[in-house]
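One letter stands for each residue in the lines below.
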Amino acid sequence: MTPDMLKQDIGNGTIKSPRKVLVTGSSRGIGSAIATAFALSGADVAINFSKQGGRSEEQAKKLTAEIMAMGRNAVPVVGDISKKDSVKKLFSEAVEGLGGLDVLILNAARAPFKPIERLLERELRLLVETNYLGNIFCVQEALPYMERTPGHDKHIIFISSLGSRFYNPAYPLGSMKAAMEAVVRDLSETLSKRGIAVNAVSGGMVRTDSFKVLRQFIDGIERVPEALFVDPGEIADVVLFLCSPLSRGIRGQTIVVDRGLSNSLHRNA
Amino acid sequence: MRQALISDDRVIDELKKAAAETLTIDVATIKADSSLVKDLGAESLDFLDINYRVEQAFSIKMARHFIIEHIEEMFGEGTALDADGRLTEKAVKLMKIRLDAAEDGSGFDSLEPGMDMDALPAMITIRSMAKGIMDILDTLPKDCPSCGKSAWKTENETHIVCGACGAEAVYKNGDDLIKEWLQKTQDEHKII
């Protein structure tokens, strides 16, 4: 992006950049907060959920209605990212509904909760197929659509977690997050030539549905001070920043949003 | 002994309350035979949240993993599910023995070999999940492990404590109970 382009996008300090955004796994939790933040910033959003007929579909439709009420376009799209055919269909429907694609947020995740050495082959495959292959399927499918969409401010953001750097009991997903952070660095180099910026945001402890699971495996997690819990909106704000021209100097990085949780090995009880 | 302290109805009511809070629905709409997935719209993460609420209510540890996962961990991958994720005949045999022992297989009538494992959660009802809670509560020892006296009493309707020394009741956890049952059943019936 050139300084002139940047001037076009920033008016009186406010970023004004109509966007077409797809957020995978956005019916609830962090994904939902990101979709809402984009809509509030003036973007049209595709809300992805994995299965028809469940609560996630209901929540995706509710979020869609909320975004439409903001005066933005929103499209609920079903699709399991671990299946290539399903990814093709979900992108085709999302792009048709949005009229293009500027930004892809890779948020969907699914994983068993048990120590790595106890994972069955089926569970290992699910882990890799959803959280590694699935994200790459999404990027591959998104690229032609992103390149065909007019505009010059294209971004892919991966939502990681502190599990990529620190041990958590029964959290094999952390290893996939670490792999994806490496993919982000790689893609950043190769896709920058095609005008697409790639970064990641690593969230600390967030009181989402996934946390509800973690609290069953990590004794004492409920005693972590409330001040160290991140609000999903705080992660969404950093995602928005990374998708803005203000982040033009940041490429291939994983930005940690954890209220300083990972800064210290010691904390007073 | 447990039933004199916490009745089966109390367990079912507490589970209904937990499900209503997790799924943000009116508790009055939940019946004992409601399927958590089909009737109440629960998804996999919801089960864990309901478990958590139940654990807080009764001071117990629910099973983290379904019986199918335990079968495969104990007896080898492929024993409970085939390569396509469908139930094997052996797994169905084991589960039917368990359901017969529970004297209430409601919701699991259509259990049969070849069924997709993803269809299993839809069979879980409030009543069948409550049975899992009761099984854990039924591991309450006769005497308090701390003081040796038999003076259990209920606090706040769902917490059992020792009336003599005040120690909290300690139960077996849900996963260990399933594993114990599987080993015992395998030893008796040699299914796998």
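Everything below is about the structure shown above.
In this report, we go over the structure that sits alongside the text. (Residues numbered from 1 in each chain as written. Chains lettered and ligands numbered in written order. Predicted model: local features only at pLDDT ≥ 70, side-chain atom pairs only at ≥ 80, totals over all residues. Heavy atoms only, no water.)

## Some thoughts on the overall build of chain A
Counting its regular elements, chain A contains eight helices and nine strands. Relative to a compact globule of 269 residues, whose C-alpha radius of gyration would be 18 Å, chain A shows 18 Å and is just as compact. Its C-alpha atoms give chain A principal-axis dimensions of about 50 × 40 × 40 Å. When the 269 residues of chain A are sorted by exposure, 53% land in the buried category. Pairs at least 24 apart in sequence give 72% of the contacts found in chain A among residues at least 6 apart. Of note, chain A has its 34 positive side-chain charges centred 1 Å away from the centre of its 29 negative side-chain charges. (Helix = DSSP H or I, 4+ residues; strand = E, 2+ residues; numbered from the N terminus. Rg over C-alpha atoms; globule rule 2.2 N^0.38 Å. Buried < 20%, exposed > 50% of the residue type's maximum accessible area, 1.4 Å probe, protein only. Contact = heavy atoms within 4.5 Å. Lys, Arg positive; Asp, Glu negative; His and termini not counted. Charge placed at Lys NZ, Arg CZ, Asp CG, Glu CD.)

## So, the packing of helix H4 (residues 67-75) of chain B against helix H7 (residues 174-189) of chain B
Residues and elements named next belong to chain B. Axis separation between H4 and H7 bottoms out at 10 Å; the angle between their running directions is 60°. In terms of their interaxial angle, H4 and H7 are classed as oblique. As for the relative orientation of H4 and H7, their crossing is right-handed in sense. Contact with H4, carried on its side by Ile67, His70, Ile71, Met74 and Phe75, involves Asp175, Ile178, Lys179, Trp181, Leu182, Gln183 and Gln186 of H7 and no other residues of that element. Here the residues of the contact of H4 with H7 sort into seven nonpolar, three polar and two charged. (Axes fitted to C-alpha atoms, helices over the stretch in contact; angles between N-to-C directions. Parallel < 35°, antiparallel > 145°, perpendicular 65-115°, else oblique. Left-handed = near helix turned anticlockwise from the far one by under 90°. Nonpolar A, V, L, I, M, F, W, Y, C, P; charged D, E, K, R; others polar.)

## Some details on unusual backbone geometry
All names here are of chain B. At asparagine 156, a residue that is not glycine, the phi angle is positive and equals roughly 50°. Position of asparagine 156 relative to the elements: it lies in the loop between strand E1 (152-155) and strand E2 (159-162). With a relative accessible area of 67%, asparagine 156 lands in the exposed category. Of note in the backbone geometry, lysine 190 takes a positive phi value of approximately 50° without being a glycine. Tracing the chain through its elements places lysine 190 in the segment after H7.

## Let's talk about the sheet that holds strand E3 (residues 20-23) of chain A
Residue and element names in this part refer to chain A. If you trace the seven strands from one edge of the open sheet to the other, you get E5-E4-E3-E6-E7-E8-E9, paired in parallel fashion. Looking at strand neighbours, the two that pair on one side only are strand E5 (74-78) and strand E9 (254-257), the edges of this open sheet. Here the strands of the sheet are splayed against their neighbours by 20° on average, with no regard to which way each runs. Of the strand pairs in this sheet, strand E8 (residues 196-203) and E9 are connected by four bridges, and their pairing is parallel. Each bridged residue has a counterpart across the sheet, and for alanine 200 the counterpart in E9 is threonine 254. Across the face of the sheet, helix H3 (residues 55-69) comes into contact with strand E4 (44-49) and E5 while running at roughly 170° to E4. (Pairing = 2+ DSSP bridges.)

## What about the pairing of E5 of chain A?
Residues and elements named next belong to chain A. Burial analysis of E5 places four of its five residues in the buried class, the great majority of the element. Relative to E5, E4 runs parallel, the two being bridged by five bridges. Residue phenylalanine 49 lies in a different strand from E5, and its bridge partner there is valine 78. The β-α-β motif built from E4, the intervening H3 and the parallel element E5 has right-handed crossover chirality. (Right-handed = clockwise from strand over helix to strand, strands pointing away.)

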